[in-house]
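Single-letter residue listing:
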Amino acid sequence: MFSILIGIGLASGFFGLLNHSKSKNLNVSWWQWTLTIIWLAYTGFVLKMIEGFIDESAMKAALVLGGIFGFVSIIGAVLLSRFVFLKSTNHE
């Protein structure tokens, strides 16, 4: 059940970013979309890894590895949002 929720969250995140870039008239190139998809897949991997450790009753491993890899995912999200999706549209 959790896998379905992860998939729904990742798909709605992608379509949310797509709608955001269209509404702000951002010119997002193909390699920026590729990086975004790789980041979304990595985030899904981290969530599934945490779920797997919890299913195996390895709470300490879920906390430690989820914290490490989750932190990397958060850094990726901040960098993507800063350099791809929050660019200024005014080029005067």
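Basis of the calculations
- Just so you know, the residues in each chain are numbered from 1, in the order the chain's sequence is written.
- Restriction of local features to residues with pLDDT of at least 70 applies here, the model being predicted, together with a cutoff of 80 or more for giving and counting side-chain atom pairs; totals for whole chains, interfaces and linings are based on all residues.
- Side-chain figures throughout are based on the complete set of non-hydrogen atoms in the structure, without hydrogens or water.
- Helix numbers and strand numbers start at the N terminus; a helix is a DSSP run of H or I with at least 4 residues, a strand a run of E with at least 2.
- Three labels apply to residues, based on accessible area from a 1.4 Å probe with only protein chains included: buried if under 20% of the type maximum, exposed if over 50%, partly exposed otherwise in between.
- Note on contacts: a residue pair qualifies if any of its non-hydrogen atoms lie within 4.5 Å across the two residues.
- As used in this structure description, the phrase polar contact means that two N or O atoms lie within 3.5 Å; if the pair is within protein, one of them must be able to donate a hydrogen and the other to accept it, and residues adjacent in sequence are counted only when both atoms belong to side chains.
- We call a set of buried Ala, Val, Leu, Ile, Met, Phe, Trp, Tyr and Cys residues a nonpolar core when their side-chain atoms join them within 4.5 Å.

1. Section: the environment of His20
Turning to its location among the elements, His20 is positioned in helix H1 (residues 2-23). We classify His20 as partly exposed; its relative accessible area is 26%. Placed 13 residues apart in sequence, His20 and Trp33 show a C-alpha to C-alpha distance of 13 Å. Other than its neighbours up to four places away in sequence, His20 contacts Leu26 and Phe85. Reaching out from His20, the side chain makes a polar contact with the backbone oxygen of Phe85 at a distance of 3.2 Å.

2. With respect to the side chain of Ser21
Residue placement: Ser21 occurs in helix H1. Here Leu18 takes part through its backbone oxygen, which lies 2.9 Å from a polar atom of the side chain of Ser21. Aside from chain neighbours lying at most four places away, what touches Ser21 is Leu26, Val28, Trp33 and Phe85.

3. Focus: the nonpolar core
Counting residues in each nonpolar core, the largest one holds 6 residues, listed as Leu26, Val28, Trp33, Leu80, Val84 and Phe85. If you tally residues by element for this core, the top one is helix H3 (residues 59-85), at 3 residues. The contacts of Val84, once residues within four sequence positions are left out, are Leu26, Val28, Gln32 and Leu79.

4. A word on unusual backbone geometry
Of note in the backbone geometry, Asn25 takes a positive phi value of approximately 55 degrees without being a glycine. If you trace the backbone, Asn25 turns up in the loop between H1 and helix H2 (30-55).

5. Remarks on the environment of Ala11
Counting through the fold element by element, Ala11 comes out in helix H1. Separated by 40 residues in the primary sequence, Ala11 and Glu51 place their C-alpha atoms 19 Å from one another.

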